[in-house]
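# Topology and contacts: notes
Listed here are the chains, written in short residue letters.
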Amino acid sequence: MGQNFTVSECKTAEQQEAVYILLEKHYTYLTPELIRSYGATMLDEDWHMLGVFDQGRCVATLMYRIGTRFFAGKHVVHEALYIDEAYRMNGLANLLFDWLEQHAQKQGCGLSLLYSYADNLPAHRFFYKRGFGIRGFVFFKEISPEAIGKPLKSGTMRLKKKG
């Protein structure tokens, strides 16, 4: 395990594939094909992919998008933060967030937003330590159960694994 980690913006097909392989561990309810399809669509929709690599293997990732909204002005949205279990507690999430905050400031963003499942308490502790606070809620409504899946008992929903 290397100790000199750096953040890379994943622009090549090889880098993106390394991120998808890592995300298969996180989104276990999605097929590998669906992960790649969603990832490609997100990239087409101006999302960006960050990766932290150790000897060519992606060990941490975060996706982001810069946008503008009435309630937030120019802002950055974080999504799909995932750190390989063997690399957790090595400061990689901080490394990704530090990189993204500096990048977003250079782009003129004044606010940083993220989504997190309500029951993801370890992530919430990290977000609070980073200075995030809860300002609102994300409401959802199933409009196509065959496309989305069924709600879980906790009120969150996950996609059905295809196949």
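Scroll up to find the structure this text is about.
Residues numbered from 1 in each chain as written. Predicted model: local features only at pLDDT ≥ 70, side-chain atom pairs only at ≥ 80, totals over all residues. Heavy atoms only, no water.

## Points about the pairing of strand β3 (residues 57-69)
Sheet topology note: the strand β2 (residues 48-54)/β3 ladder contains seven bridges and is antiparallel. What sits directly across from Val52, in β3, is Ala60. Here β2 hands over to β3 after two residues, with Gln55 in that stretch at a positive phi of 55 degrees. Strand direction decides the pairing type here: β3 and strand β4 (residues 73-83), joined by nine bridges, are antiparallel. Within β4, the position partnered with Gly67 by the bridge is His75. (Pairing = 2+ DSSP bridges. Helix = DSSP H or I, 4+ residues; strand = E, 2+ residues; numbered from the N terminus.)

## Describing helix α3 (residues 92-106)
Under the 1.5 Å per step criterion, the end-to-end length of α3 is 21 Å for 15 residues, consistent within 8% with the ideal 21 Å. Where α3 is concerned, the buried positions are Leu92, Ala93, Leu96, Phe97, Leu100, His103 and Ala104. Looking straight down α3, one finds its buried side chains confined to an arc of 130 degrees; they lie on one side. Exposed residues pointing more than 90 degrees away from the buried face of α3 are listed as Gln105 and Lys106. Packed against the buried residues of α3 are β1 (7-9), β2, β3, β4, β5 (111-114) and α4 (121-129). Of the residues flanking the end of α3, it is Gly108, one or two places downstream, whose phi is positive at about 85 degrees. (Expected span 1.5 Å × (residues − 1). Buried < 20%, exposed > 50% of the residue type's maximum accessible area, 1.4 Å probe, protein only. Arc of directions from axis to C-beta. Contact = heavy atoms within 4.5 Å.)

Don't take any of this as a statement about function, it's just geometry.
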